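Residues per chain, in single letters:
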Amino acid sequence: MRFMSSAVVRPAAEADVAAITAIYAHYVTHGAASFEIDPPDTAEINRRRLDIQSRGLPYLVAELDHAVAGYAYAAPYRPRLAYRFTVEDSIYIHPESTRQGVGSALMQPLIGLCTDGGYTQMIAVIGGSDNVASIRLHERFGFRLAGVLQSVGFKFGRWHDSILMQRAL
């Protein structure tokens, strides 16, 4: 596995919210990685971050040269009690920082923190069968294909699949 040795990974803070919002907005408006249609504002992104962190789950940023190059977090997979040991990961990389190992730099500690937190399964719900970078990143970290939900999201005038991948922690 290739790791970005110069990336600094740390818990996300309120000061990171504007950068996180901008990164996420790029993926909402330019691709199917997220099935959201309209990018949320900074207040909503901060609310989501605080919700994740209040649950004791990791919400991380990776910095390159003191700028946020990507972020990742783990959220409850489903709200029902039976799913309480399963998390869903999300990871987004600044478009100018892709293919530099930022995803790997974020994924390793995300998996470790969830494992240390007592979670036993991590699920990736990847928007779009053509999201090869995300699929390959997850494969490098031991995720396996669990299924494909065909044509479940309609965005940019066409149907998109959701790829489900799973990894035991």
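Structure shown above.
Residues numbered from 1 in each chain as written. Predicted model: local features only at pLDDT ≥ 70, side-chain atom pairs only at ≥ 80, totals over all residues. Heavy atoms only, no water.

Undergrad: What am I meant to see in the layout of surface pockets here?
TA: Gaps between atoms show up when a probe of the same size as a water molecule is rolled over them. Taken as a whole, the second largest pocket spans an internal volume of roughly 170 Å³. What lines the second largest pocket is a set of 13 residues, and nearest its centre among them are Arg 55, Pro 76, Arg 78, Pro 79 and Arg 84. A class-by-class count of the residues in the lining of the second largest pocket yields eight nonpolar, one polar and four charged. (1 Å grid on protein atoms, 1.4 Å probe; cavity = no way out; pocket = protein on both sides within 12 Å on 5 of 7 lines; lining within 4 Å. Points joined across faces, edges and corners; volume = space filled by probe spheres on them. Nonpolar A, V, L, I, M, F, W, Y, C, P; charged D, E, K, R; others polar.)

Undergrad: I'm lost on the pattern of salt bridges in this one. Help?
TA: Close approach of charged atoms allows side chains of opposite charge to pair. Inspection of the entire model under this criterion finds eight salt bridges. The closest approach of N and O atoms between Arg 48 and Glu 36, which form a salt bridge, is 2.8 Å. One end of the pair, Arg 48, is in helix 2 (residues 42–54); the other, Glu 36, is in the loop between helix 1 (17–30) and helix 2, and twelve residues separate them in sequence. We classify Arg 48 as partly exposed; its relative accessible area is 27%. Judged by its relative accessible area of 24%, Glu 36 falls in the partly exposed class. Arg 136 serves as the salt-bridge partner of Glu 139, at 3.1 Å between the closest nitrogen and oxygen. One end of the pair, Glu 139, and the other, Arg 136, are both in helix 4 (residues 132–140), three residues apart, so they sit about a helical turn from each other. Each of Glu 36, Glu 44, Arg 47 and Arg 48 takes part in salt bridges that share partners, so that together they form one network. (Salt bridge = Lys/Arg side-chain N within 4 Å of Asp/Glu carboxyl O. Helix = DSSP H or I, 4+ residues; strand = E, 2+ residues; numbered from the N terminus. Buried < 20%, exposed > 50% of the residue type's maximum accessible area, 1.4 Å probe, protein only.)

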